[in-house]
Amino acid sequence: MISFKWLKRWMPRNLFSRALLILFVPVVGIQVVSASVFLSRHVDGVTQQMARSVGAELNYAVSLLEQLDDRSAREQQLETVSGLLDLTLFLDETQFSTGAQLGLFDISGRAAYDVLSMSIERPIHLDTTSLDKIMIVQVRSDVGTLTAFLPSRRIVASNPHLLLTWTVLASAVLATISSLFLRNQIRPIRDLALVSEAFGKGRSEIFRPRGAEEVRRAGSAFLAMRTRLERQIEQRTSMLSGVSHDLRTPLTRLRLGLSLAEPGPDTDAMVEDVTEMERMLDGFLAFARGEGMEETKATDPAKIARTMVTNLRRDGARVTLLMESETPDDPTVDLRPVAVSRALQNLLTNATRYGDRVRLSMRMTRVSLEYVVEDDGPGIPEDQRELALRPFSRLDEARNQNAGGSVGLGLSIAADVARTHGGALRLEKSNDLGGLRAVLRIPR
Ligand SMILES: Nc1ncnc2c1ncn2[C@@H]1O[C@H](COP(=O)(O)OP(=O)(O)OP(=O)(O)O)[C@@H](O)[C@H]1O
Ligand SMILES: [Mg+2]
């Protein structure tokens, strides 16, 4: 099969330019071909006819002159014929070699020479270059060399520049009009792309489907999908917070009851259980709230990182902070600061819980923001990373023995936050620390 890969490299990237190209390349091609065919046909045909009649005229003059023996009579005849044929004619003994002296691209001159030498049937010479717009034809006759000076337009069809100019002008005007229409057709597609992109980053922008039927349908389908998604998230959120809230009341009662009961090892264990359950409920609530309606705003992500690290150090954790930015002149990123802080907090809590030394690195490029949290703990084996990202999933119990009160939501909240910003959370193995390496990536 023929491969069109090379074409891809030369194709413009956006739809508008592609459509323009697809529209205009064939049209321009057809115009060029048909104009050149028409012009060469037209020019050739007219040139041949005109050259033939000039040839006949010269033939006529030569035959008249050859009938006369007397030199002065020939002179007189020459004058009469000159006037009659509207040509400037001379008769002398000049010698010439047959052939043509033409410009490099003088195709019609070549055609004129061929026709002339055929219709005159004597040695002739054609010169189109010596004089401007004048052709010199020399014919060898029995009575000497007949030289004729005639305006080029008597032999060669004048180039129909006008036709070309009009064609080009009309095409340009029509092309401008159609590209305006095309732009209007493409705008709704671009709008749809923009609003979908924004929704991917968690922003719900106003959008009204318009344009051609297919585009409008895609737009309406997108709107319906967006509404459905928003409703689903809302339902999930309200269910989670509802359940957590409703469970909290009996739990409080239980705690109250326990505090009135006889103290002893049994009740102590029960109190601990109740405390853990309350912590879990807090986790659920935080998860549910994570999808709340915090607005995105221009935020300095370095500040978030610094605050996090300061807080952790205050709690006695060994944390290093690395920051690197390729865009120091543009330090802010559009994000939801509270959500991102929570995500980062979860990753760092995990790191300090399962590891000893922790490193937070922030990397900003023109297109993305990356927080990388690494630790020197046991890490997560590759085949369990996906599981660890799911809500309420805690990995093997052995690992979590001193991790009381963990709900298994931290990583999934962080992944959710990344997703609502159009980004992703990636789990890897830290190369130098040896533990887990969590990469929270947010596109800018
Ligand atoms: N840095 C880490 N090193 C090793 N294992 C980890 C690390 N982070 C998470 N894990 C594993 O992934 C599981 C899921 O983590 P996640 O943060 O979602 O829940 P959790 O920490 O158990 O509970 P929560 O964060 O809700 O209190 C953890 O139970 C733990 O087994
Ligand atoms: Mg956690």
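Residues numbered from 1 in each chain as written. Chains lettered and ligands numbered in written order. Predicted model: local features only at pLDDT ≥ 70, side-chain atom pairs only at ≥ 80, totals over all residues. Heavy atoms only, no water.

On to the sheet that holds strand 4 (residues 134–141), then. Strand order in the open sheet formed by five strands is 1-5-4-3-2, with mixed pairing between adjacent strands. Strands with a single pairing partner mark the edges of an open sheet, and in this sheet they are strand 1 (88–92) and strand 2 (99–101). Each strand of the sheet is rotated relative to its neighbour by a mean of 15 degrees, with strand direction disregarded. Bridge count between strand 1 and strand 5 (residues 144–151): five bridges; the pairing is antiparallel. Within the sheet, the bridge partner assigned to Leu91 lies in strand 5 and is Leu146. Packing of helix 2 (residues 15–66) onto the sheet brings it into contact with strand 1, strand 4 and strand 5, and relative to strand 5 it is tilted by some 145 degrees. In the packing of helix 4 (residues 107–120) onto the sheet, contacts are made with strand 2, strand 3 (124–127) and strand 4, and the angle to strand 3 comes to roughly 155 degrees. (Pairing = 2+ DSSP bridges. Helix = DSSP H or I, 4+ residues; strand = E, 2+ residues; numbered from the N terminus. Axes fitted to C-alpha atoms, helices over the stretch in contact; angles between N-to-C directions. Contact = heavy atoms within 4.5 Å.)

With respect to the secondary-structure elements, Leu322 resides in strand 7 (residues 318–325). With a relative accessible area of 46%, Leu322 lands in the partly exposed category. C-alpha of Leu322 to C-alpha of Asp127: the two residues are 195 residues apart in sequence and 84 Å apart in space. Residues within four places of Leu322 in sequence aside, it is in contact with Arg359, Leu360, Ser361 and Met362. (Buried < 20%, exposed > 50% of the residue type's maximum accessible area, 1.4 Å probe, protein only.)

If you check the domain split of the chain, you get domain 1 (9–154) and domain 2 (295–443). A C-alpha centroid distance of 85 Å is found between domain 1 and domain 2. (Domains from an automatic or database assignment.)

Let us look at the UniProt feature "domain: HAMP" (unreviewed entry) in the chain. As recorded in UniProt, the sites labelled "domain: HAMP" (unreviewed entry) are residues 183–234. Across residues 183–234, the secondary structure splits into 77% helix and 0% strand, with the terminal C-alpha atoms separated by 38 Å. (UniProt positions renumbered as here; feature names shortened; annotations may be inferred.)

The next subject is a nonpolar patch on the surface. Residues Phe4, Trp6, Leu7 and Trp10 make up a contiguous nonpolar surface patch of about 520 Å² in total accessible area. Mapped onto the elements, Leu7 comes out in helix 1 (residues 5–10). With relative accessibility at 34%, the residue Leu7 sits in the partly exposed group. (Patch = residues over 30% accessible without salt bridge, like charges linked within 9 Å, V, L, I, M, F, W, Y side chains within 5 Å. Areas by Shrake-Rupley, 256 points an atom, 1.4 Å probe, with all protein chains shown as cover. Salt bridge = Lys/Arg side-chain N within 4 Å of Asp/Glu carboxyl O.)

Where helix 2 meets helix 4, the axes come as close as 8 Å, and the angle between the chain directions of the two elements is 35 degrees. As helix 2 runs across helix 4, the sense of the crossing is right-handed. Within the contact between the two elements, helix 2 uses Val43, Thr47, Gln48, Ala51, Arg52, Val54, Gly55, Leu58 and Asn59 and helix 4 uses Ser108, Ala112, Val115, Leu116, Ser119 and Ile120. Class assignment for the residues of the contact of helix 2 with helix 4 results in eight nonpolar, six polar and one charged. (Left-handed = near helix turned anticlockwise from the far one by under 90°. Nonpolar A, V, L, I, M, F, W, Y, C, P; charged D, E, K, R; others polar.)

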